[in-house]
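# Fold and geometry: a report
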Amino acid sequence: MSETAGVAQYVHYLARLLIPLSIVLLGGCDGTGASVSININTPSSDTVPQNLVAYPGSGQVTLDWDAVEGADSYAVYWSTDSGVSPYDNAFVVTEPPVTQQWLVNGVTYYYRVSAIEFGVESGLSDEQTATPHAWVSPATAANRVNDLIWNGTRFVAVGDGGTVTTSTDGEIWSGRVSGTTEYLRGVTWEAGQFVAVGDSGKILLSNDGLSWVSHDIASNYYLYDAVSDGSQFVLVGDLIGSASEAILRTTTPDTPASWSSASTVPNTGNRLEAITWNGALFVSTGQNGLILTSPDADNWTRRGNGLTLNTLRAVVWAADQFVVVGDNGTVLT
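A brief structural summary. Keep in mind the model is a prediction, meaning the values are calculated, not measured.

Rules of the game
Residues numbered from 1 in each chain as written. Predicted model: local features only at pLDDT ≥ 70, side-chain atom pairs only at ≥ 80, totals over all residues. Heavy atoms only, no water. Helix = DSSP H or I, 4+ residues; strand = E, 2+ residues; numbered from the N terminus. Buried < 20%, exposed > 50% of the residue type's maximum accessible area, 1.4 Å probe, protein only. Contact = heavy atoms within 4.5 Å. Areas by Shrake-Rupley, 256 points an atom, 1.4 Å probe, with all protein chains shown as cover. Phe/Tyr/Trp six-rings, centres within 6.5 Å; stacked < 30°, edge-to-face > 60°.

This brings us to the overall build of the protein chain. In terms of helices and strands, the protein chain carries one helix and 29 strands. Within the protein chain, buried positions represent 40% of all 333 residues. Here the contacts in the protein chain between residues at least 6 apart in sequence split such that 44% fall between residues at least 24 apart. On the protein chain, roughly 16600 Å² of surface is accessible, and the fraction owed to carbon and sulfur atoms is 50%.

Below, the structure is given as structure tokens:
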């Protein structure tokens, strides 16, 4: 190896440590009598990977970040101690995302990522952490559980036979007195209270998830889901014996007589199973690919007719879009 090559290797090593260098070798150092100039470009902030995130799983962590234009590969540095540096463990990948496996559940892992282009490595990204964890199956209730909600303090799950069970950590669950043996099909946290709905027009209300008050709206409804826009509550389901869509609304959910049907609902003969509100629009989904929308919960319009015949069982508003999921792996956005 020539002296010049040795110096170049050393310079590249220093470049990895993010030391900006410009070296000029005087004549004769390369054995030819000519001067040799080696310029190392200091990585700019534009080449440092941005928005690194770490998602824990069971025995694994999935990492994702914004791809860097022109990058050939990425070095992922990791450690079980904070302050990850180029001296820590590392592996190279060609693109994000990447999943690191064979990790220990309960141990916190720290990560930083660099971009590599033409053998030149960028600076390191911001540090992110994740703690892998194993899924557990705590005893919740003897009956089937149909729905679950978290209000920032407590989980509430509802199910068959009037089941209501709660937990503050997802591991230790306690059964609650619901006041009904009807099947409870949905639960939500709206306007500062839990709202559970079920068969025979049953609606349960609770401010804390511990004490519940049961109300009967109308015995001829199966109720599946509830939502509030801040001024009114809206329930969806179907009419018993007809499997026809039902939408009920009120501003006083604890007054059974105040609930009324929406004025205009397309008659498709399909049950509605889910509803959400994004601040401007209600969206409800159900059997045979049924999607209904409304700005006021009173007048509804059918959307996406013919997209699918699968039952659409859940809908959420997230990341500036509605996401709908249903039978046979159906996902609509």
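Once that is clear, we can look at the packing of aromatic side chains. By the definition in use, this model includes nine aromatic pairs. Between the aromatic rings of Trp 150 and Phe 155, the centroid separation amounts to 4.5 Å while the plane-to-plane angle is 45°, which identifies the pairing as tilted. Classification of Trp 150 as partly exposed rests on a relative accessible area of 39%. Looking at Phe 155, the relative accessible area reads 22%, which means it is partly exposed. Between Phe 155 and Trp 173, the aromatic rings sit 6.1 Å apart at their centres with planes inclined by 40°, giving tilted as the arrangement. Of this pair, Phe 155 sits in strand E12 (residues 155-159) while Trp 173 sits in the loop between strand E13 (163-167) and strand E14 (174-175), and the two are 18 residues apart along the sequence.

Quick look at unusual backbone geometry now. That bond from Pro 96 to Pro 97 is cis: its omega, -5°, falls within 30 degrees of zero. For Pro 97, the position within the fold is in the loop between strand E6 (89-93) and strand E7 (98-100). Phi is positive for Asn 288, close to 55°, though the residue is something other than glycine. Mapped onto the elements of the fold, Asn 288 is located in the loop between strand E24 (282-286) and strand E25 (291-294). Judged by relative accessible area, Asn 288 falls into the partly exposed class, the value being 36%. Unusually for a residue other than glycine, Asp 320 sits at a positive phi of about 65°. Structurally, Asp 320 can be placed in the loop between strand E27 (312-318) and strand E28 (321-326).

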